[in-house]
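Listed below are the residues making up each chain.
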Amino acid sequence: MQTFRRPFCGHVIPGLLLAIAVVLTVPTQALAQVEEIVVTARKREENLQQVPLAVTAFTAENMEQRQIRSVDDIGRLTPGLSFSKAFGRTTERPVIRGLGNVLAGVQFGVESGAAYFVDGIYYPGDVQSINIHDIERIEVIKGPQSALYGRNTYSGAINYITKSPGQTLGADATMRYGQDGDFEVSGRLNGPLIPGVLGGGISARYYSFDGEYTNTVTGKTVGDEQSKTFNAALEWTPHEDVRVNLRLDSQNDRDGTRAFFLQPSESNNCFPGTRSNATWNSVSGSTNQNQYFCGEITRPGDTVSLSDGPAIAGQPAPIPGVLDVPFPTFVPGVTVDPYNPLQGVAFSGVDRDLLYVSLRSEWDVMGSGWTLVGSGAWRDDDRKTGSDSDHTPVNYLPGNGFDAQGNRTECILCASERDQYSDYSLEVRLESPVENRLRGLVGAYYYDQDIDGSDVTYADIDGNIINEREGTTNWAIFGSLEYDILENLKVTVEGRYFDEKKTLFQTAGFDGKVDFSEFAPRLTLDWQISDQFLAYMIYAKGYKPGGLNGSVGAAVGAPSYGQESSDNYEVGLKSNFLDNRLIVNLSAFYIDVQDIQLTTPLSNASGQLTSIATNQGSGEVRGFELEASWYLTEALRVGANYALADTEFTQGCDEFQWTLTSGGGVLNDAVNCTGFSVNGSGNGLIKGKAFPLSSKNQVSAFADLRFPVFDTMEFFAGADVSWEDKRPVQVHNLAFAPDATILNARIGIDTGNLSVSIYGRNLTDEDAPAIVTRWLQDPLSGFEAPFQANPVLGGAAPGQCSVPPGTPAVCSTSFPRAFFGDMRRSRNFGVEVAYRFGGDR
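About the cut-offs
Residues numbered from 1 in each chain as written. Predicted model: local features only at pLDDT ≥ 70, side-chain atom pairs only at ≥ 80, totals over all residues. Heavy atoms only, no water. Helix = DSSP H or I, 4+ residues; strand = E, 2+ residues; numbered from the N terminus. Contact = heavy atoms within 4.5 Å. Areas by Shrake-Rupley, 256 points an atom, 1.4 Å probe, with all protein chains shown as cover. Pairing = 2+ DSSP bridges. Phe/Tyr/Trp six-rings, centres within 6.5 Å; stacked < 30°, edge-to-face > 60°. Buried < 20%, exposed > 50% of the residue type's maximum accessible area, 1.4 Å probe, protein only. Lys NZ or Arg CZ within 6 Å of the ring centre and 35° of its normal. Axes fitted to C-alpha atoms, helices over the stretch in contact; angles between N-to-C directions. pLDDT = per-residue confidence, 0-100. Lys, Arg positive; Asp, Glu negative; His and termini not counted. Salt bridge = Lys/Arg side-chain N within 4 Å of Asp/Glu carboxyl O. Polar contact = N/O pair within 3.5 Å; in protein donor to acceptor, adjacent residues only side chain to side chain. Disulfide = S-S within 2.5 Å. Core = buried A, V, L, I, M, F, W, Y, C linked by side-chain atoms within 4.5 Å.

Q: Break down the overall build of the chain for me, with residues and values.
A: For the chain, the count of helices and strands is seven helices and 48 strands. A fraction of 69% describes how many contacts in the chain between residues 6 or more apart in sequence connect residues 24 or more apart. Summed over its atoms, the accessible surface of the chain is roughly 32800 Å², and 59% of this surface lies on carbon and sulfur atoms.

Have a look at this one:
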């Protein structure tokens, strides 16, 4: 059925007309200026408009006005940043300027290339549940930041700056209550412990959400979330030349079953071939010859169907493509129930316990202007995740739920695991006086991470039996030199030499290591044309870490994969007009990408399909970004952003692309991109395709209105709207996550100490999934013998495509492809009350 989506202009034009009407009705007052924002994008404090980098910054006030609660909202409102929330509040995949990775966070070592930092210190965890009320500023720095920020800043960095304790007694508290049990309460207290010497602050937050969608298998609501956070900070200034900051963060997350849906393989509508439901028609009951879906993936309604608990009576009818009949197994005479009513997954949801400690010190050496800066952090993160990973009521349980010893078994494609992270980083650098004509810094860095992984099963529900140990170490030396060629013309040279080692031990029989070392430079030329205009040019080299594919990769001859690299060229212009009431920033860039890390599904000797990471090809990105903010009056501020990231593979060969175009054949020559063809043709080349997960266009706009209504009270209202283009699910550019339009708004009153507001989020009731992932239909492959030839293709005989153990496959007969996505939260309303007094705010 064709889905018609309301065009972006259908939402935005009425909003613009409303904004114009508001402007005309507000009394004219003295005109305000856009506030000066100080950022630390180059490891030192600078005015945002004087930094020769593309940086989007949000102050605490901005975050309150925009209703920014997590990195999801930052992604909506930052040109060039697309945030992909694929697995609830875990396994994040930020994409900056079209560069990301579909295996990031899913497979050991695969990283997105955009890193998080807290107070400039590398933070390798997920940040969706971070306490935003304790954040003073967020900086999104676009383009490679390898030279100064270090590892995994291949496409950019996202830096969270926490609030300083300060030297003035102050406190604030916020409470929010919305639909579906969306509740949050937070508070913060800070002030001097020893006046002029020691300041301290503590903050706490409790958040809960009851979930919105019903699981038709169990009758229960899914998508519930809960977080408890505690933060403490000390700032010690024993001398005017010395400052030391110590911070402790404790976080506890308890999220229930994540609201995923599956579009089953029976919906596939393109590329007929052997990897289809019809190939396995005795268990699928299907005559659908298609191996893939072409078009936009939309959610099927307001319910999900997951085997995360015992099924209630009258559970949903079998899904199309999987018959409710006994399944044969490899054990002669043994069958199983594909819709077993027992709970399928041992653990479903996300449990996370995090402890994070950081220390940062600055010493102006003997008052000379030379500054010695040291920083470090230690993190302990114990995380348990699990889901019914076929995302359907299909519940194939080996032994119909019990093994030979009577122990419970988990369903096929059910995944529960526990990962225990421990990491620390250390950095020291020496900075010259900033007023020198020639100035710079030099530093050294070390990072160490260990991860213990285990399966969570009914026999080991706490995941205490470790079956995988992973390690990463990274050391680097780095430096920067900046020289004033003229008073208004500067050149900056930055560079980092790094060495990174990764190790992986698996009880499945793998013990490997890789080592990468490179030099990452950045060259910047900036020209302060006048007080109104700053122009800059940048060349930078970026590197995304390589890694290990483990035992599954070793089985197909690919135990490891290399680094991805890029050459980045950028020009930019920062400007202000109308006495600093209008700010307009532009940047244009070209990125040449080599050795792109992508997903490759390969068959091992027994025909079992495995997805691994490989360096498949090359590509390029062309784009530009625009940011504008304008005080139309003292009362009304508006702004708009636009980003273009036009990505394209310039070369590359994909195994599954060959399977699709050849009718189910198998690629056997990756160099020449050829293989066995069922239908007499085939093309595995991905040249000309867009990068997966990347959106070509992004648009956002906002309006903030604030004016006095009484001597002690102000009225405020605000709204923001964002639109993001559709995104390819994979390199084939056939299936897409749909475009999405989100509108948020709020209205309230503020007395200075007390504010009360009502808000609405997703007022467009956008239901497009935030991300879609190519997946598998379970259970169709490996449990039926003998193989049944596809009755329609005619090019495949039973002997050609049967895959007995130990025999290489001639054509693909593995699981048919399906797609899963997340259920975006629908339109919701709530009320928020905030109280504050004192402090440095």
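Once you've had a look at it, read on.
Q: Give a detailed account of the pairing of strand β30 (residues 510-528), specifying residues and quantitative values.
A: Here strand β29 (residues 489-506) runs beside β30; their pairing, made up of 18 bridges, is antiparallel. The partner of Thr-492 across the bridge, within β30, is Thr-524. Hairpin connection of β29 to β30: three residues between the antiparallel strands, including Gly-509 at a positive phi of 110°. Between β30 and strand β31 (residues 533-544), which follow one another and run antiparallel, lie four residues.

Q: Lay out the packing of aromatic side chains with the relevant residues and their values.
A: Taken as a whole and judged by the stated rule, the model has 20 aromatic pairs. Centroid distance Tyr-424 to Tyr-446: 6.1 Å. Interplanar angle 40°. Geometry classified as tilted. Of the two residues, Tyr-424 is situated in strand β26 (residues 414-431) and Tyr-446 in strand β27 (residues 438-455); the sequence distance between them amounts to 22 residues. Exposure remark for Tyr-424: the relative accessible area of 34% places this residue in the partly exposed category. In this structure an aromatic cluster arises from ring pairing among Phe-87, Phe-260, Trp-775 and Phe-820. Of note, Arg-408 hangs over the ring of Phe-402, and the distance from its end group to the ring centre comes to 5.8 Å. Taking the ring centre of Tyr-445 as reference, the NZ or CZ of Arg-496 above it sits at 5.5 Å.

Q: I'd like a description of the sheet that holds strand β47 (residues 817-822), backed by residues and values.
A: If you trace the three strands from one edge of the open sheet to the other, you get β17-β47-β46, paired in antiparallel fashion. With one partner strand each, in any of the chains shown, β17 (260-263) and β46 (772-776) form the two edges of the open sheet. Averaged over neighbouring strand pairs, the angle between their axes works out to 35° when direction is ignored. As judged from the five bridges shared by β46 and β47, these two strands associate in the antiparallel manner.

Q: Mind laying out the confidence of the model for the chain, listing which residues take part and the relevant values?
A: Taken over all residues, the pLDDT of the chain has a mean of 88, while the share at 70 or more is 90%. Within the model, the stretch residues 1-29 combines pLDDT values under 50 with 27 contacts to residues more than four positions away or in other chains. The model gives residues 802-808 a pLDDT under 50, and that stretch makes 10 contacts with residues more than four places away or in other chains.

Q: If you had to explain the sheet that holds strand β8 (residues 135-142) to someone new, which residues and values would you point to?
A: In space, the five strands of this open sheet follow the order β3-β8-β9-β6-β7, with mixed pairing throughout. Looking at strand neighbours, the two that pair on one side only are β3 (55-59) and β7 (121-123), the edges of this open sheet. When the angles between neighbouring strand axes are averaged without regard to direction, this sheet yields 25°.

Q: Tell me about the side chain of Glu-92, residues and numbers included.
A: For Glu-92, the location among the structural elements is in strand β5 (residues 92-96). Nearest to the buried, unbridged Glu-92 among oppositely charged side chains is Arg-352, at 6.4 Å. Separated by 2.6 Å, the side chains of Glu-92 and Tyr-116 make a polar contact. There is a polar contact of 2.9 Å between the side chain of Glu-92 and the backbone nitrogen of Gln-128. When neighbours within four sequence positions are excluded, Glu-92 is seen to be in contact with Val-71, Phe-83, Ser-84, Tyr-116, Asp-126, Val-127 and Gln-128.

Q: So what's going on with the state of the cysteines? Which residues, and what values?
A: Using the criterion set out here, one finds three disulfides in the structure. The side chain of Cys-411 participates in a disulfide bridge whose partner is Cys-414; the two sulfur atoms lie 1.7 Å from each other. Where Cys-411 bonds to Cys-414 through sulfur, the torsion about that S-S bond is close to 45°, and the disulfide is right-handed.

Q: Tell me about the nonpolar core, residues and numbers included.
A: Residues Val-39, Ala-41 and Leu-53 are the most contacted members of the largest nonpolar core, which totals 27 residues. Broken down by secondary-structure element, the contributors of at least two residues to this core are β3, β6 (114-118), β27, β28 (466-486) and β31. The element that contributes the greatest number of residues to this core is β31, accounting for four residues. In terms of nonpolar packing, the next biggest core, distinct from the first, is built from 26 residues, Ala-60, Ala-114, Tyr-116 and Tyr-160 among them.

Q: How would you sum up the environment of Arg-205? Please name residues and give values.
A: Secondary-structure assignment places Arg-205 in strand β12 (residues 198-209). For Arg-205, a relative accessible area of 10% translates into the label buried. Separated by 30 residues in the primary sequence, Arg-205 and Met-175 have C-alpha atoms spaced 9.8 Å apart. If sequence neighbours within four positions are ignored, Arg-205 has contacts with Ser-129, Ile-130, Asn-131, His-133, Glu-184, Val-185, Ser-186, Ser-227, Lys-228 and Thr-229. Reaching out from Arg-205, the side chain makes a polar contact with the side chain of Glu-184 at a distance of 2.4 Å.

Q: Which residues make up unusual backbone geometry, and what are the values?
A: Of note, Gln-67 is a non-glycine position whose phi angle comes to about 55°, a positive value. Not every positive phi belongs to a glycine, and Cys-673 is a case in point at roughly 55°. Considering the arrangement of structural elements, one finds Cys-673 in the loop between β38 (667-669) and β39 (674-675).

Q: Lay out the pattern of salt bridges with the relevant residues and their values.
A: Taken as a whole and judged by the stated rule, the model has 55 salt bridges. Across the pair Lys-501 and Asp-515 runs a salt bridge, and its minimum N-O distance is 3.4 Å. Placement of Lys-501 in strand β29 and of Asp-515 in strand β30 is noted, with a sequence separation of 14 residues between them. Here Asp-515 falls in the partly exposed class, since its relative accessible area comes to 43%. Overlapping salt bridges bring together Arg-69, Arg-176, Asp-180, Asp-182, Glu-184, Arg-205 and Arg-825 as one network.

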